[in-house]
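Residues per chain, in single letters:
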Amino acid sequence: MHNLKKIANYFLIFCLLGSTAPVYANSNQLPDIGTAAASTLTINQELVYGDAYMRMLRSSRPIVNDPVLNEYVSSLGHTLVANADDVKTPFHFLLIQDREINAFAFFGGYVALHTGLFLHAQSESELASVVAHEIAHITQRHLARSMEDQAKRSPVTIAALVGSLLLAIAAPEAGIAAIQATTAGAMQSSINYTRSNEKEADRFGIATLAKSGFEVKAMPRFFGRLADQYRYASTPPQMLLTHPLPEARITDSRERAQQYPEKKVETSLRYQLARSRIVARYANIETSAALDSFSRQQKTANKTQKLALEYGKALVYLDTGKLDQAKVILDKLLLQSPNNTFYIDAATDLDLALNKKDQAIKRLEVALKQAPNNSVLIINYANVLLENEQPEQAMKVLQRYTHENKNDPTGWQLLAKAYNYQGITDGELTARAEIFVLRGLWNKALKNYTQASQLVEFGSLNQARYDARIDELRAARERFTAL
């Protein structure tokens with residue numbers, strides 16, 4: 001029964017990425033399936049479900065709210081999306097702190113990557129191959145098409161399937177109970193459809209990789225290495241449970257990649273820096289082990305890799321209070337690339353640790369003249385203003401930032417802090433309410449807004465704004481609950 005529940009859970013949350021579509025010899029013969037699921041779920045409905053899922057995810061998983069890493073992952077993802085076919089939704093990319101090798105896609109254009117992928121991908125093209133594969137699951141609407149097929153083969157309605165899916169995320173035991181009626185035959189059938197979808201996502205993903213300038217052979221190489229590494233493992237990584245890798249699939253992707261011209265692609269510095277940042281801060285590795293890893297890799301690293309490994313060491317030194325050693329490295333890195341946001345972010349942290357707040361402000365103001373809309377620089381600037389006891393200036397920066405980046409919890413957290421410093425209780429309450437909203441905690445958000453409305457002058461513009469937001473949140477809560 002325990003194994004059945006595990007299978008059901010994976011099936012329900014991830015393995016619904018299935019399809020009844022036949023396998024075609026090449027991508028030019030693939031059917032136009034963009035509207036195949038239109039009779040089941042509209043694009044607008046998918047956006048609603050994706051939004052609900054994301055709010056649950058923020059409440060239940062350790063999402064990495066690191067502006068530097070988020071900027072890199074988003075940039076990589078949108079580079080691939082710009083070269084993908086059949087894009088019908090906006091895309092959102094996020095990192096989950098988890099050493100397990102996994103990635104998954106969901107309604108509404110959401111693609112989640114585990115930090116563990118960075119530890120196993122040996123090049124940026126390998127990481128991009130995973131992202132491109134997940135993008136294809138969304139553009140080809142595999143989840144919606146799978147649900148349509150499930151509804152045809154059983155008395156379960158689409159609404160019930162979606163409800164069970166969301167319920168499984170919110171309360172796993174209840175969600176598993178909701179699908180106990182699923183037969184072993186139907187389960188096996190769904191797994192087969194999932195395998196068909198995986199091959200289809202590989203084909204579309206390889207085409208996207210090629211158009212985006214990445215190495216197409218990176219996909220079969222990465223998947224083949226995973227299959228070999230865990231072939232006899234008693235507990236394979238989640239990625240192999242949710243993305244089966246039979247030999248036929250690897251062979252298919254290898255043959256497809258060989259149809260493209262041979263291309264040598266250098267791994268970008270930004271990828272190497274992101275990888276080092278994850279090793280230093282998000283891999284749960286002991287300080288000594290991280291430093292030893294960076295030092296050993298430097299012996300055989302090329303010039304670009306050495307820069308990233310030095311950066312990783314600087315982060316470890318910074319986080320462990322060895323500020324002089326961190327400064328020596330960061331000064332050299334900044335001399336070579338003064339506009340690199342990875343370096344500026346670390347140097348700003350160093351400035352604060354050394355109590356050189358004016359230097360940090362000047363550094364960021366110079367950088368913002370070059371890139372005024374860069375989220376990494378804006379968040380750092382607001383944080384430094386707060387540390388320098390300039391909450392009013394920070395508040396102005398953050399009010400604009402949160403207006404343009406409503407889904408960034410870091411912006412709301414800093415704005416709440418700015419309000420708190422100034423004793424503006426109603427502002428702090430509403431900023432914290434928006435964090436609750438992002439996590440789908442509607443009642444807590446409503447409570448905060450109600451308290452804020454009671455604190456301000458009766459009939460004031462602020463009260464009108466707060467009351468209007470209360471009405472919006474009540475309606476959102478009803479829609480969310482109805483799912």
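Residues numbered from 1 in each chain as written. Predicted model: local features only at pLDDT ≥ 70, side-chain atom pairs only at ≥ 80, totals over all residues. Heavy atoms only, no water.

Visitor: How would you summarise the pairing of strand β2 (residues 103–106) if you had to cite specific residues and measurements?
Guide: Alternating positions in β2 separate into two faces, Ala103 and Ala105 on one and Phe104 and Phe106 on the other, with burial throughout. Here 4 bridges tie β2 to strand β3 (residues 110–114), and the two strands are oriented antiparallel to one another. Across the sheet, residue alanine 105 finds its bridge partner in β3, namely valine 111. A loop of 3 residues connects β2 with β3, the two strands running antiparallel in sequence, and glycine 108 in this loop sits at a positive phi of about 85°. (Buried < 20%, exposed > 50% of the residue type's maximum accessible area, 1.4 Å probe, protein only. Helix = DSSP H or I, 4+ residues; strand = E, 2+ residues; numbered from the N terminus. Pairing = 2+ DSSP bridges.)

Visitor: Tell me about the sheet that holds β3, residues and numbers included.
Guide: Reading across the sheet, the 3 strands line up as β1-β3-β2 and stay open at both edges, with mixed pairing between neighbours. Each edge of the open sheet carries a strand with a single partner, namely β1 (92–96) and β2. Shown here is a sheet whose adjacent strand axes are inclined to one another by a mean of 20°, direction ignored. Sheet strands touched by helix α3 (residues 67–81): β1 and β3. Its angle to β1, the strand with the most contacts, is close to 135°. Lying over the sheet, helix α5 (residues 124–139) contacts β1, β2 and β3, oriented at roughly 25° with respect to β2. (Axes fitted to C-alpha atoms, helices over the stretch in contact; angles between N-to-C directions. Contact = heavy atoms within 4.5 Å.)

Visitor: Which residues make up the nonpolar core, and what are the values?
Guide: Formed by 96 residues in total, the largest nonpolar core has its most connected members in Tyr72, Leu80 and Phe118. What tyrosine 72 contacts, discounting residues up to four positions off in sequence, is Phe118, Glu124, Leu127, Arg270, Tyr271, Ala274 and Phe342. Judged by nonpolar contacts, the second largest core, of 16 residues, contains Phe104, Phe107, Ala112 and Ala144. (Core = buried A, V, L, I, M, F, W, Y, C linked by side-chain atoms within 4.5 Å.)

Visitor: Explain the packing of helix α19 (residues 375–387) against helix α20 (residues 391–404) to me, using residue names and the numbers behind them.
Guide: With their axes 8 Å apart at the nearest point, α19 and α20 run at an angle of 155° to one another. Classified by the angle between their axes, α19 and α20 sit roughly antiparallel to one another. Considering only the axes of α19 and α20, their crossing is left-handed. Across the interface between the two elements, Ser375, Ile378, Ile379, Tyr381, Ala382, Leu385 and Leu386 from α19 touch Pro391, Gln393, Ala394, Val397, Leu398 and Tyr401 from α20. Class assignment of the residues belonging to the contact of α19 with α20 gives a composition of 11 nonpolar, 2 polar and no charged. (Parallel < 35°, antiparallel > 145°, perpendicular 65-115°, else oblique. Left-handed = near helix turned anticlockwise from the far one by under 90°. Nonpolar A, V, L, I, M, F, W, Y, C, P; charged D, E, K, R; others polar.)

Visitor: Could you give an account of the packing of aromatic side chains, naming the residues involved and the relevant values?
Guide: Taken as a whole, this structure holds 12 aromatic pairs when the rule is applied. Geometrically, the ring pair formed by tyrosine 53 and phenylalanine 104 is edge-to-face, given 6.3 Å between the ring centres and 80° between the ring planes. Here tyrosine 53, found in helix α2 (residues 43–60), pairs with phenylalanine 104, found in strand β2; they are 51 residues apart in sequence, far enough to count as distant. Pairwise contacts between aromatic rings join Tyr49, Tyr53, Phe104, Phe106 and Phe107 into one cluster. (Phe/Tyr/Trp six-rings, centres within 6.5 Å; stacked < 30°, edge-to-face > 60°.)

Visitor: So what's going on with α19? Which residues, and what values?
Guide: Helix length check: α19 (13 residues) gives 18 Å between terminal C-alpha atoms against 18 Å at 1.5 Å per residue, within 8%. Burial of α19 is extensive: 10 of the 13 residues sit out of reach of the surface. Of all the positions in α19, only Val376, Leu377, Ile378, Ile379, Asn380, Tyr381, Ala382, Val384, Leu385 and Leu386 are classed as buried. Here the buried face of α19 lies against α3, α17 (341–353), α18 (357–370), α20 and α21 (409–422). Taking the backbone nitrogen of valine 376 as reference, a side-chain oxygen 3.0 Å away marks asparagine 374 as the first, capping residue of α19. In the segment just after α19, glutamate 389 is the residue with positive phi, at about 60°. (Expected span 1.5 Å × (residues − 1). Polar contact = N/O pair within 3.5 Å; in protein donor to acceptor, adjacent residues only side chain to side chain.)

Visitor: Break down the pairing of β3 for me, with residues and values.
Guide: Across the 5 residues of β3, 5 count as buried, placing the element largely inside the fold. Taking every second residue as pointing to the same face, both faces of β3 are buried, with Tyr110, Ala112 and His114 on one and Val111 and Leu113 on the other. Pairing analysis gives 5 bridges linking β1 to β3, with the strands arranged parallel. By the bridge assignment for β3, phenylalanine 93 is matched with valine 111.

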